There are 2 protein chains.
Amino acid sequence: MSSPKADVVVIRELIDNWAKAVRAKDFAGILAHHSQDMLMFDVPPPLESKGIEAYRKTWDLFFSAQPEPIAFDIQQMNIVAGAEVAFVTALMQCAEIEKSRERIKLDFRLTVGLRKIDGQWVILHEHHSVPAT
Amino acid sequence: MSSPKADVVVIRELIDNWAKAVRAKDFAGILAHHSQDMLMFDVPPPLESKGIEAYRKTWDLFFSAQPEPIAFDIQQMNIVAGAEVAFVTALMQCAEIEKSRERIKLDFRLTVGLRKIDGQWVILHEHHSVPAT
C-alpha cells in the first residue's frame, strides 16, 4: 500500500518549512506544527526532552553551538503516511566549528512522528542523532 | 484521536517479542517482522544501513560488543498507531564493559516506524541512538 499522495505533499511541505525556519532562527516557524506533548530525542544530552517548552530549549542550545549562517539541510527525505499517522526519515546536514576554528559539515539522522489532529498534521516526536564514536 | 486499541496491543507484543529475541540472540525472531527495505539508523556507524541484509549485520556488531547475558530492556514505551501506519518511541537499556572491565548500564533511545501490509504490522524503520558527548 502506498501513502496518500495529498498527505505526503502536505507533510513534505511542513518539514521543508520547519527546516527553513530553523535556518532563519524563526522560533514561531519552528514550533508552528508541534504538539504540546512533544517528545524530543536530541543530538546532545539530555536523553529525552518532554513537552513543548523543553523542546524549545533544545533549539536555544542548538543555536548557541551553530556557526552562522545556520545550516540545517535535508539531504534525503522519505515519508510513510497513513490517513492519521505518519513518520518521516531523513539524512540531514548542519555545521560545526572544529578546534582549528574551521567550519565543517556534520551529517546527522532525523526521524519525525506525526498524527493528523482536526485535519492538520502535527509533530509529536523528533529523534535527531549522530552515530556514536 | 486515540490509537486503535487492537493495533496498539499487537504492536506492543511485536516490539516486546523483538526485544526478547535480541536478548536470546535469536536472529529469526529479530528479523520476523521486518521489511526487505528496512532503513536502520544505529548507535554505532555507519550513518545508515539500508535493506534487511545490512540490518542483520548491525546485530552481528551489537552482539560482538555486548557482554553476556545480553541486556536489551524496554524502560518506557509509547505507541502512536493509525489504521495503516504507526510509530513507537522508547527508552531502552543495554550494557557495556568499561575499561575497568566493569559491566555498566547504557541508556539509549529508540524510534520504530511501522506499516500494516496485508493485515500484518511490519517494521520499516528503526532509529537507535545515544546522546552525543
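Everything below is about the structure shown above.
Treat the numbers as computed from the prediction; the structure is a model and nothing was measured.

## Section: the sheet that holds strand β1 (residues 34-41) of chain A
Residues and elements named next belong to chain A.
Point 1. Strand order in this open sheet of 6 strands is β2-β1-β6-β5-β4-β3, and the pairing throughout is mixed. The open sheet is flanked by β2 (49-50) and β3 (73-81), the only strands paired with a single partner.
Point 2. Where β1 meets β2, 2 bridges bridge the pair, whose relative direction is antiparallel. Its bridge partner lying in β2, L39 is registered against K50.
Point 3. Docked against the sheet, helix α1 (residues 5-23) engages β3, β4 (85-97), β5 (103-117) and β6 (120-129), running at close to 150 degrees with respect to β3.
Point 4. Along the sheet face, helix α3 (residues 52-65) touches β1 and β2 and points at about 55 degrees away from the line of β1.

## Looking at the relation of the copies chain B and chain A
Point 1. Each copy superposes on the other: chain B lies on chain A with an RMSD of 0.0 Å after a rotation of 180 degrees and an axial shift of 0.0 Å. Both copies are brought into coincidence by an operation consistent with a two-fold rotation axis. Relative to the rotation axis, the closest C-alpha in chain B is found at V85 of chain B, a distance of 2.8 Å.

Definitions and limits used
Residues numbered from 1 in each chain as written. Chains lettered and ligands numbered in written order. Predicted model: local features only at pLDDT ≥ 70, side-chain atom pairs only at ≥ 80, totals over all residues. Pairing = 2+ DSSP bridges. Helix = DSSP H or I, 4+ residues; strand = E, 2+ residues; numbered from the N terminus. Contact = placed C-beta atoms within 7 Å. Axes fitted to C-alpha atoms, helices over the stretch in contact; angles between N-to-C directions. Least-squares fit on C-alpha atoms with pLDDT ≥ 70 in both.

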